[in-house]
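Here are the chains, one letter per residue:
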Amino acid sequence: MADFLITIKKRSTFVHVKNHGKFIKSSSFNLQILKDLQLEEVIAVGYTATKRLGSAVIRNKSKRIMRELARKVITKYGKINFYYVIIAKSNLLKKPFKELELELEKLIV
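The rules behind the values
Residues numbered from 1 in each chain as written. Predicted model: local features only at pLDDT ≥ 70, side-chain atom pairs only at ≥ 80, totals over all residues. Heavy atoms only, no water. Helix = DSSP H or I, 4+ residues; strand = E, 2+ residues; numbered from the N terminus. Buried < 20%, exposed > 50% of the residue type's maximum accessible area, 1.4 Å probe, protein only. Areas by Shrake-Rupley, 256 points an atom, 1.4 Å probe, with all protein chains shown as cover. Lys, Arg positive; Asp, Glu negative; His and termini not counted. Charge placed at Lys NZ, Arg CZ, Asp CG, Glu CD. Pairing = 2+ DSSP bridges. Axes fitted to C-alpha atoms, helices over the stretch in contact; angles between N-to-C directions. Parallel < 35°, antiparallel > 145°, perpendicular 65-115°, else oblique. Left-handed = near helix turned anticlockwise from the far one by under 90°. Contact = heavy atoms within 4.5 Å. Nonpolar A, V, L, I, M, F, W, Y, C, P; charged D, E, K, R; others polar. Salt bridge = Lys/Arg side-chain N within 4 Å of Asp/Glu carboxyl O.

**Student:** Could you give an account of the overall build of the protein chain, with specific residues and numbers?
**Tutor:** Of the regular secondary structure elements, the protein chain holds three helices and five strands. Helices (α) and strands (β) of the protein chain occur, in sequence order from the N terminus, as β-α-β-β-β-α-β-α. Each of the three principal axes of the protein chain carries a C-alpha extent, and together these read 35 × 30 × 20 Å. In the protein chain, which comprises 109 residues, the proportion classed as buried is 45%. Carbon together with sulfur atoms contributes 52% to the accessible area of the protein chain, which is approximately 6800 Å² in total. Once the 23 positive and 9 negative side-chain charges of the protein chain are each reduced to a mean point, those two points are 11 Å apart.

The following block contains the structure:
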């Protein structure tokens with residue numbers, strides 16, 4: 001269990017995870033995972049919600065949901081020294097939160 005989550009903020013980090021990481025599809029979101037030993041015993045998480053998803057209100061709500069998912073699921077089941085990038089899909093707002101938790105847990109474990 002990770003004690004500390006850091007947020008990915010630089011575009012170059014997102015691109016690095018995209019180019020070198022593993023891509024997993026799901027019905028509500030996509031997940032990109034990359035192991036990096038230079039993270040120094042933390043888990044780095046990034047959140048992406050594109051304009052195709054909808055207006056700014058919808059994108060912000062989906063990011064809030066993804067942050068809460070990361071706080072509940074990735075801190076519990078995520079591996080240390082890994083990058084996780086969660087990419088929202090339109091189905092994210094239609095499902096109950098408990099289903100989203102189980103879905104993310106299955107992708108990580």
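**Student:** Give a detailed account of the sheet that holds strand β1 (residues 5–7), specifying residues and quantitative values.
**Tutor:** In space, the five strands of this open sheet follow the order β1-β4-β5-β3-β2, with mixed pairing throughout. A strand with exactly one partner marks an edge of an open sheet, and here the two such strands are β1 and β2 (22–24). On average, each strand axis in the sheet is tilted by 25° relative to the strand beside it, whichever way the strands run. Where strand β3 (residues 29–35) and strand β5 (residues 82–88) come together, seven bridges link them in antiparallel fashion. Of the residues in β5, the one forming a bridge with Phe29 is Ala88.

**Student:** Just give me the short version of the packing of helix α2 (residues 56–77) against helix α3 (residues 97–108), but keep the residues and values in it.
**Tutor:** As a packed pair, α2 and α3 sit with axes 10 Å apart at the nearest point and diverge in direction by 45°. Considered as vectors, α2 and α3 are oriented oblique to each other. The two elements α2 and α3 meet at a crossing, and its hand is right-handed. Contact residues: Ile65, Glu68, Leu69, Lys72, Val73, Ile74 and Tyr77 in α2; Phe97, Leu100, Glu101, Leu104, Glu105 and Ile108 in α3. A breakdown of the residues in the contact of α2 with α3 according to their chemical character gives nine nonpolar, no polar and four charged.

**Student:** Explain the environment of Glu99 to me, using residue names and the numbers behind them.
**Tutor:** In this fold, Glu99 is placed in helix α3. Assessed through its relative accessible area of 41%, Glu99 is described here as partly exposed.

**Student:** Please provide a residue-by-residue account of the pattern of salt bridges, values included.
**Tutor:** Applying the stated criterion across every chain yields a total of three salt bridges. A salt bridge links Arg71 to Glu68, with the nearest nitrogen and oxygen atoms 2.5 Å apart. With Arg71 and Glu68 both in helix α2 and three residues apart, this pair spans about one turn of that helix. The class of Arg71 is partly exposed, set by a relative accessible area of 48%. Ionic pairing is found between Glu103 and Lys95, a salt bridge with its closest N-O pair at 3.0 Å.

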